[in-house]
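Architecture at a glance
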Amino acid sequence: MIYLQLFWSFFQIGLFSIGGGYAAMPLIQNQVVDLHHWLTMTEFTDLITISQMTPGPIAVNSATFVGIQIAGFGGAVISTLGCILPSCIIVSLLAFLYFKYQQLTVIQGVLNALRPAVVALIASAGLTMIILAFWGEGGFVPQLSALHISSVVLFFAALFILRKWKLSPIMVMAGCGVIGGLLYFIP
Amino acid sequence: MIDKPKKYWKLFTSTFFLSSFTFGGGYVIIPLMKRKFVDDLKWLEEEDMLNMAAIAQSSPGAVAVNASILLGYRVAGVVGAGISILGTVLPPLLLLSVLSLFYTAFRSNPIVSAVLGGMQAGVAAVIADVVISMGGNIIKEKKLLYLLIMAGAFLATYLFHINVMYIILVCGALGAIQTLIAHRQNKKKESVRP
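Residues numbered from 1 in each chain as written. Chains lettered and ligands numbered in written order. Predicted model: local features only at pLDDT ≥ 70, side-chain atom pairs only at ≥ 80, totals over all residues. Heavy atoms only, no water.

Below, the discussion takes up the overall build of chain B. Looking only at helices and strands, one finds seven helices and zero strands in chain B. Beginning at the N terminus, the succession of helices and strands in chain B can be written as α-α-α-α-α-α-α. C-alpha atoms of chain B, sized along the principal axes, occupy 60 × 60 × 25 Å. The proportion of buried residues among the 194 residues of chain B is 47%. A separation of at least 24 residues holds for 47% of the contacts in chain B among residues at least 6 apart in sequence. Just so you have it, chain B exposes about 10,400 Å², and 69% of that area is on carbon and sulfur atoms. In chain B, 18 positive and 10 negative side-chain charges are present, and the distance between their average locations comes to 7 Å. (Helix = DSSP H or I, 4+ residues; strand = E, 2+ residues; numbered from the N terminus. Buried < 20%, exposed > 50% of the residue type's maximum accessible area, 1.4 Å probe, protein only. Contact = heavy atoms within 4.5 Å. Areas by Shrake-Rupley, 256 points an atom, 1.4 Å probe, with all protein chains shown as cover. Lys, Arg positive; Asp, Glu negative; His and termini not counted. Charge placed at Lys NZ, Arg CZ, Asp CG, Glu CD.)

Tallying secondary structure elements over chain A gives seven helices and zero strands in all. When the elements of chain A are put in sequence order from the N terminus, they spell out α-α-α-α-α-α-α. The principal-axis extents of the C-alpha atoms in chain A amount to approximately 65 × 40 × 30 Å. Partitioning the intrachain contacts of chain A with sequence separation of at least 6 by distance along the chain shows that 54% fall at a separation of at least 24. By element, 73% of the accessible surface of chain A is carried by carbon and sulfur atoms, the whole surface being about 8,100 Å².

A few words on helix H5 (residues 110-141) of chain B. All names here are of chain B. In a regular helix each residue adds 1.5 Å, so 32 residues correspond to 46 Å; H5 covers 47 Å between its end C-alpha atoms and thus fits that length. Capping of H5 at its N-terminal end is provided by Asn109; its side-chain oxygen lies 2.8 Å from the backbone amide nitrogen of Ile111. Lys142 sits one or two positions beyond H5 and adopts a positive phi of about 55 degrees. (Expected span 1.5 Å × (residues − 1). Polar contact = N/O pair within 3.5 Å; in protein donor to acceptor, adjacent residues only side chain to side chain.)

Another point: the UniProt feature "transmembrane region" (unreviewed entry) in chain B. Residues and elements named next belong to chain B. If you check UniProt for "transmembrane region" (unreviewed entry), the listed places come out as residues 12-30, 50-73, 85-105, 111-132, 144-160 and 166-183 in our numbering. The span residues 50-73 carries 83% helix and 0% strand; its end-to-end C-alpha distance comes to 15 Å. In residues 85-105, the share of helix is 100% and the share of strand is 0%. The end C-alpha atoms are 31 Å apart. (UniProt positions renumbered as here; feature names shortened; annotations may be inferred.)

Another aspect to go through is the packing of aromatic side chains. The final tally for this structure, using the stated rule, is 15 aromatic pairs over all chains. Between Phe102 of chain B and Phe106 of chain B, the ring centres sit 5.9 Å apart and the planes meet at 10 degrees, which makes this aromatic pair stacked. You can see Phe102 of chain B and its partner Phe106 of chain B sitting in helix H4 (residues 63-106), four residues apart, about one turn around the helix. The exposure class of Phe102 of chain B is partly exposed, given its relative accessible area of 46%. When its relative accessible area of 41% is taken as the criterion, Phe106 of chain B is described as partly exposed. Relative to Tyr158 of chain B, the ring of Phe154 of chain B has its centre 5.6 Å away and its plane inclined at 10 degrees; by these criteria the two rings are stacked. On the criterion of helical spacing, the pair formed by Phe154 of chain B and Tyr158 of chain B is a turn pair, its members being four residues apart in helix H6 (residues 144-158). Aromatic rings pair up to connect Phe134, Trp135, Phe140, Phe155 and Phe156 of chain A into one cluster. (Phe/Tyr/Trp six-rings, centres within 6.5 Å; stacked < 30°, edge-to-face > 60°.)

Before going further, it helps to spend a moment on the environment of Ala62 of chain B. Among the structural elements, Ala62 of chain B can be located in the loop between helix H3 (46-58) and H4. With near-sequence residues (within four places) excluded, Ala62 of chain B lies in contact with Pro57 and Ser87 of chain A.

Here the focus is helix H1 (residues 4-20) of chain B. Working note: α-helix, 3.6 residues per turn, so residues spaced by three or four point in the same direction. Residue and element names in this part refer to chain B. Over its 17 residues, H1 extends 24 Å from the first C-alpha to the last, a length consistent with the 24 Å expected when each residue adds 1.5 Å. For H1, the full list of buried residues reads Lys7, Leu11, Phe12, Ser14, Thr15, Leu18, Ser19 and Ser20. On its buried face, H1 is in contact with helix H2 (29-40) and H4.

Here's what the structure looks like:
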């Protein structure tokens, strides 16, 4: 039963994440955190961090991570299969259409309209992560004492470095991790 | 022509190797594939690769997986597609399985927790950076429909917690309708002309 749920959830993630890269992230959050409560928001953010630091697409990484936590290695394989099955079907179909009609203006129009939606969805997932980093699992509280000042400083420093010098995200995250670890030793 | 088992093995090792070194996923894999399969192995023409990239990016799912399905099929048929999917999926599957075990064992350790806490701020900044870049490009296009879609999709997911699946479907449908209307208007203009 759990195998079926994992398969179906990741099938939907595979089917509706259009645009590559971060597009899968809000869908994974929706399925794994909001709908099924397989991961907490902290675990989900850790997962995205790990996905960024390791090779492979976020969706495949997530399928493995969630699958193994919920149902062992078998769960990881089932989730991964679920996540790539839509690709197998649709890629074959699109390849056929593409070579038949070359220019598919309607598909292009759909993709163009999806871009702003995907940005909005990523923004929403990102905002949830910022709130988690700043206030912890409890969420937003309008009190200065509840705010993790070190995280706020790290966030803005990292964002500044990314915007200004276009440093690789892996380096920036690793740097933030090192600073986070060092801060632990400072009382 | 090299014999089949050799070709399959080469396909597997090539995709396995490429997948092992594609960090963060996404579009990075396309130029790497081009270098390997067009320049090195000469199994494909450059134009094939461009077509594949276009299809891989237009299809749902991970771009790396989509591209490897097309590549494998092109090079060695259905078996080839299966082999290159395996080569692409195995590295993250194995690595994440191992990391997942470490994660459960170490997450409660206070130092690991402090490091991951710092990384949470870092990954939030990476996402914010991506959103600023992508959002900025869309705002620059100055198309009302796209701005409305962006604002609407954000409110729908963040405030109203509407299932992401429906948001994608509705926005995709809006794009299709808009294209069809534009198409019809173009045709009208053409027919008015003498």
